[in-house]
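Commentary on secondary and tertiary structure
Single-letter residue listing:
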Amino acid sequence: MRLMVTGGAGFIGSAVVRRAIERGDDVLNVDKLTYAANPENVAMVADNARYQFAQEDICDFAAMARLMNEFKPDAVMNLAAETHVDRSIDGPGAFIQTNIVGTYSLLEAARGYKASGHAPKDFRFHHISTDEVYGSLGPTGEFTETSPYQPNSPYSAAKASSDMLARAWRETFDLPVIVTNCSNNYGPYQFPEKLIPVVIIAALEGRDIPIYGKGDNIRDWLHVEDHAEALLLAAREGKPGETYNIGGRAERTNLDLVHMICEVLDEELKASPHAPHKGLIKFVTDRPGHDHRYAINCDKIERELGWTPAHTIEEGMRDTVKWYLGNRDWWEKIRQDGFDVAKRQGLKSG
Ligand code: NAD
């Protein structure tokens, strides 16, 4: 397939790009290269003849229209977004701009591309979203594709808005839109402001490991490579007009997850002066509007598209911890570029 992937220098987008190139697709990666992007995430495919890169902002309608008309994609996969909930609380503006206005601009460019007659007959627009649009669950129940939208953070509200735009462009303009909503991802190349790399790096350096509230918030975790596989399947075989939920059937409290990471670190770094690493855990003031529990029912994508995750959380988390231990250069460079999560969260550093 010819895939135009937006946000392909970020965490999940780069996993999609690497996998797509590996399986023989042609890829145009369109990324603004914000702070969250890292060209190293796609360095291994950069010289491949089937890979192209364009540094552009998805809010730039003219650029999106031009790229679609030149590249002639079979599918547009929209992963470009502002994604960090804490940053959306500090400053929601960029989230409104990229996640809502940017999606609008892409939808309009795709509408023009389809109307131009240059698009293939079964062209599709795949919008990638999150389970956070559904809000928070109590101790039981799961989100399904028909659960009502009840976003609670500026991030999830902006993503929910973009999902609604995608839906409306399907209903009103007959754009062949597919939407997927996925649970929390983990794996290599995740920007070190997100929970899992924050924990690993703090533990390695003997700093406080911050956990919001009592650590009893529950998330469902999926390995990023399983998500990438599901996305490529949905882009190719999903039915326009449909939504598919994607999840790992791996619910864990944040505290259990951090304990799991600490145990892997204890085993991997037996001689560390910071072991047992659980001793570094520090509970910090909870995030405002913090959703208590997310759980995804992914029966539909399993049944209709035949997708199942290949990684268990135990094995996937062990590999992820080892990846961060073995790729210090990757995250230390980001640190030198001025990123310091401890400073942002007011914790002991060093
Ligand atoms: P990320 O923050 O790691 O990467 C986002 C990428 O988008 C970056 O490369 C950035 O440069 C690019 N980008 C941002 N604004 C842009 C703009 N205006 N124009 C072009 N490019 C721009 O994010 P991620 O974790 O890889 O998430 C990717 C997508 O998947 C997002 O849409 C997110 O909502 C969704 N999602 C993420 C998770 C998760 O756990 N990380 C779970 C479900 C869904």
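Note that the structure is a prediction, hence the values are computed from the model and not measured. (Residues numbered from 1 in each chain as written. Predicted model: local features only at pLDDT ≥ 70, side-chain atom pairs only at ≥ 80, totals over all residues.)

Regarding the overall build of the protein
- Within the protein one finds 12 helices and 12 strands.
- Since a compact globule built from 350 residues should have a radius of gyration of about 20 Å, the 20 Å found for the protein is in line with a globular shape.
- Taken along the three principal axes of its C-alpha coordinates, the protein extends 65 × 45 × 40 Å. (Helix = DSSP H or I, 4+ residues; strand = E, 2+ residues; numbered from the N terminus. Rg over C-alpha atoms; globule rule 2.2 N^0.38 Å.)

Let's talk about the site of the ligand
- Residues in contact with the ligand amount to 31 residues; listed here are only the nearest, G7, G10, K32, A37 and A81.
- Elements that contribute at least two residues to the shell around the ligand include exactly helix 1 (11-22), helix 4 (93-115), strand 5 (124-130) and strand 7 (184-186). (Near = placed C-beta within 6 Å.)

What about the UniProt feature "domain: NAD(P)-binding" (unreviewed entry) in the protein?
- The sites that carry the UniProt feature "domain: NAD(P)-binding" (unreviewed entry) are, in the present numbering, residues 4-320.
- Along residues 4-320 the backbone is 40% helical and 17% strand, and the end-to-end C-alpha distance reaches 28 Å. (UniProt positions renumbered as here; feature names shortened; annotations may be inferred.)

Remarks on helix 1
- Spanning 12 residues, helix 1 covers 17 Å between terminal C-alpha atoms, matching the ideal 16 Å at 1.5 Å per step.
- Most of helix 1 is tucked away: 10 of the 12 residues are buried.
- The complete set of buried residues in helix 1 reads F11, I12, G13, S14, A15, V16, V17, R18, A20 and I21.
- Elements that come into contact with the buried residues of helix 1 comprise strand 1 (2-6), strand 2 (26-30), strand 3 (51-54), strand 4 (75-78), strand 7 and helix 7 (224-237). (Expected span 1.5 Å × (residues − 1). Buried ≥ 20, exposed ≤ 12 C-beta atoms within 10 Å, placed from the backbone. Contact = placed C-beta atoms within 7 Å.)

A short note on the packing of helix 6 (residues 195-204) against helix 8 (residues 254-268)
- Close contact between helix 6 and helix 8 brings their axes to 10 Å; oriented N to C, the two are set at 40°. Judged by the angle between their axes, helix 6 and helix 8 are oblique. Helix 8 is crossed by helix 6, and the crossing has right-handed handedness. Taken together, the residues of helix 8 that come into contact with helix 6 (itself represented by L195, I196, V199, I200 and A203) are N254, V258, I261, C262 and L265.
- Its residues assigned to classes, the contact of helix 6 with helix 8 shows nine nonpolar, one polar and no charged. (Axes fitted to C-alpha atoms, helices over the stretch in contact; angles between N-to-C directions. Parallel < 35°, antiparallel > 145°, perpendicular 65-115°, else oblique. Left-handed = near helix turned anticlockwise from the far one by under 90°. Nonpolar A, V, L, I, M, F, W, Y, C, P; charged D, E, K, R; others polar.)

Considering the confidence of the model for the protein
- Per-residue confidence for the protein gives a mean pLDDT of 95, with 96% of residues at or over 70.
- Segment residues 346-350 is flagged for pLDDT under 50; beyond a separation of four residues in sequence, or across chains, it makes 11 contacts in the model.
- Per the prediction output, this complex has pTM 0.96; the corresponding ipTM is 0.99. (pLDDT = per-residue confidence, 0-100.)

Observations regarding the nonpolar core
- Ranked by size, the top nonpolar core spans 97 residues in total, and within it V16, M77, A110, V199, L231 and I261 carry the most contacts.
- Broken down by element, the residue count for this core peaks at eight residues, all from helix 6.
- With residues up to four places along the chain from it excluded, the contact list for V199 reads I209, V258 and I261. (Core = buried A, V, L, I, M, F, W, Y, C linked by C-beta atoms within 7 Å.)

Looking at the sheet that holds strand 11 (residues 251-253)
- Ordered in space as 7-9-11, the three strands form an open sheet in which the pairing is mixed. Two strands in the sheet have a free side with no partner beyond their single neighbour: strand 7 and strand 11. Strand-to-strand, the axes of this sheet are offset by a mean angle of 50°, without reference to chain direction.
- One ladder, built from three bridges, connects strand 9 (residues 218-223) with strand 11; its direction is antiparallel. Paired with D220 across the strands is E251, a residue of strand 11. (Pairing = 2+ DSSP bridges.)

Considerations on helix 6
- Of all 10 residues in helix 6, nine are buried; the element is thus mostly enclosed.
- L195, I196, P197, V198, V199, I200, I201, A202 and A203 are the residues of helix 6 that are buried.
- G206 occupies a position one or two residues after helix 6 and carries a positive phi of about 70°.

Observations concerning the pairing of strand 4
- Of the two faces of strand 4, the one carrying A75 and M77 and the one carrying V76 and N78 are both buried.
- Here strand 1 runs beside strand 4; their pairing, made up of four bridges, is parallel. Bridge assignment links M4 to a residue of strand 4, and that residue is V76.
- Of the strand pairs in this sheet, strand 4 and strand 5 are connected by four bridges, and their pairing is parallel. In the sheet register, M77 faces strand 5, and the bridge partner there is H126.

As for the sheet that holds strand 5
- Taken together, the seven strands give an open sheet; going across it, the order is 3-2-1-4-5-6-10, and neighbouring strands pair in parallel fashion. Across the chains shown, the open sheet's two edge strands, defined by having one partner strand only, are strand 3 and strand 10 (243-246). Between one strand and the next, the sheet's axes are offset by a mean angle of 20°, whatever the strand orientation.
- In the sheet, strand 1 pairs with strand 2 via five bridges, with the strands oriented parallel. Looking at strand 2, one finds that M4 is bridged to L28.
- Against the sheet, helix 5 (residues 154-173) touches strand 5 and strand 6 (177-182), its axis set at about 155° to strand 5.

Comments concerning the packing of helix 8 against helix 10 (residues 313-326)
- Contact pair helix 8 / helix 10: the axes reach a minimum separation of 10 Å and the direction vectors enclose 55°. Viewed along their axes, helix 8 and helix 10 adopt a mutual orientation that is oblique. Two packed elements cross with a definite hand, and for helix 8 against helix 10 that hand is right-handed. For the pair formed by helix 8 and helix 10, the contact residues are M260, I261, V264, L265 and E268 on the first element and M317, R318, V321, K322 and L325 on the second.
- Its residues assigned to classes, the contact of helix 8 with helix 10 shows seven nonpolar, no polar and three charged.

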